[in-house]
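# Report on the structure
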Amino acid sequence: MKIPIDTFVAPKCEQKIDILRHDEHFLLINKPSGLLSLSGKNPLNKDSVHYRLVQDFPQAKLVHRLDFGTSGIMLVALSKLANKDFTQQFQAHAINKTYIAILSGQLSQNQGNITAPIAKDPSLFPRLKVCFNIGKSCRSDFEVLERNISSTRVRYKPVTGRTHQLRIHSQYMGHPILGCDLYGTEETQSQSTRLLLHAETILFKHPITGDTVVGKSPCEF
């Protein structure tokens, strides 16, 4: 089988990474839209969250990622102990996150959840798809925050963390995220110069003290 090749080359990101909170075990940062989480295989895609952080924090390890176009809060481990602990918290679904998104059209429900399973499809690379036969289970809870004439602002709370989950689930509802290049239409993509998806909050346990830590990054749009 022919292995799909990602020919994407990221435009230069001029925005800086903001450090929201910092101790010896972790960083909470604000990732700008238009920056990769990890450097790509293509040498032209070297710039990334990880590449920038290790210049000042050589021990930095990403315990989760945000899509290229998604902005907002990220948790970064600064010690082996923290990296192991955060990984275990993610695996146990003990880390809670919320996102803000602007969707095309008006949702009829004020709140709800989407449970459509997601699978890889080499023929669609780098896109994924909803597939009820081989897809992995996932769930996204949502609540409507505001309705406009042609769009709806929602807060998402993903219960699972599949790749592209919120973008695919929005498309599955028939309301793609504005600015989404993979799971929208030409019309919905043209309505924003960036993906209107922002990681707003994250809640986790401190790896040493066990205290609950809540981080927040105000939405940019």
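The subject of this paragraph is the side chain of asparagine 45. Among the structural elements, asparagine 45 can be located in the loop between strand 2 (26-31) and helix 1 (49-56). In terms of polar contacts, asparagine 45 uses its side chain to reach the backbone carbonyl oxygen of phenylalanine 8, at 2.8 Å. Side-chain polar atoms of asparagine 45 contact the backbone nitrogen of alanine 10, separated by 2.8 Å. Those residues in contact with asparagine 45 that sit more than four places away from it in its chain are Phe8, Val9, Ala10, Leu36, Ser39 and Gly40.

Once that is clear, we can look at the side chain of histidine 25. Here histidine 25 shows up in the loop between strand 1 (18-22) and strand 2. A distance of 3.0 Å separates polar atoms of two side chains, one belonging to histidine 25 and the other to serine 79.

Turning our attention to the pattern of salt bridges. Between side chains of opposite charge, a pair can form when the charged atoms approach closely. Counted according to the given criterion, the structure contains 8 salt bridges. A salt bridge links arginine 52 to aspartate 47; the shortest N-O distance between them is 2.9 Å. Overall, aspartate 47 belongs to the partly exposed group, its relative accessible area being 29%. For arginine 167, the salt bridge identified is with aspartate 181, shortest N-O distance 3.0 Å.

Moving on, we get to the pairing of strand 4 (residues 71-77). Burial of strand 4 is extensive: 7 of the 7 residues sit out of reach of the surface. Here strand 2 pairs with strand 4 via 6 bridges, running antiparallel. Opposite isoleucine 29, over in strand 4, you have methionine 74 as the bridge partner. With 2 bridges connecting them, strand 3 (residues 61-62) and strand 4 associate as antiparallel partners. Looking across to strand 4, one finds that leucine 62 is bridged to valine 76. As paired elements, strand 4 and strand 11 (residues 197-205) share 2 bridges and run parallel to each other. For serine 71, the partnering residue across the bridge sits in strand 11 and is histidine 198.

Counting residues in hydrophobic clusters, the biggest one holds 52 residues, and the most contacted among them are Leu75, Tyr156 and Phe204. Sort the elements by how many residues they give to this core and strand 4 lands first, with 5 residues. In contact with tyrosine 156, not counting residues within four places along its chain, are Lys97, Thr98, Tyr99, Ala101, Leu103, Ile114, Ser140, Asp141, Phe142, Leu166, Ser170 and Met173.

Looking now at the packing of aromatic side chains. Taken as a whole and judged by the stated rule, the model has 6 aromatic pairs. Ring centres 6.4 Å apart and planes at 80 degrees place the aromatic pair phenylalanine 26 and phenylalanine 86 in the edge-to-face group. Remark: phenylalanine 86 occurs in helix 2 (residues 80-91) and phenylalanine 26 occurs in strand 2; sequence separation between them is 60 residues. With a relative accessible area of 1%, phenylalanine 26 lands in the buried category. With a centroid separation of 6.4 Å and 55 degrees between ring planes, the pair formed by phenylalanine 132 and tyrosine 172 is classed as tilted. Pair noted here: phenylalanine 132 is in the loop between strand 8 (128-130) and strand 9 (140-147) and tyrosine 172 is in helix 3 (residues 165-172), with a separation of 40 residues, a long-range link. Assessed through its relative accessible area of 59%, phenylalanine 132 is described here as exposed. These aromatic residues form a ring-pair network of at least three members: Phe26, Phe86 and Phe204.

Basis of the calculations
Residues numbered from 1 in each chain as written. Predicted model: local features only at pLDDT ≥ 70, side-chain atom pairs only at ≥ 80, totals over all residues. Heavy atoms only, no water. Helix = DSSP H or I, 4+ residues; strand = E, 2+ residues; numbered from the N terminus. Polar contact = N/O pair within 3.5 Å; in protein donor to acceptor, adjacent residues only side chain to side chain. Contact = heavy atoms within 4.5 Å. Salt bridge = Lys/Arg side-chain N within 4 Å of Asp/Glu carboxyl O. Buried < 20%, exposed > 50% of the residue type's maximum accessible area, 1.4 Å probe, protein only. Pairing = 2+ DSSP bridges. Core = buried A, V, L, I, M, F, W, Y, C linked by side-chain atoms within 4.5 Å. Phe/Tyr/Trp six-rings, centres within 6.5 Å; stacked < 30°, edge-to-face > 60°.

Geometric descriptors of this kind do not, in isolation, establish any biological role.
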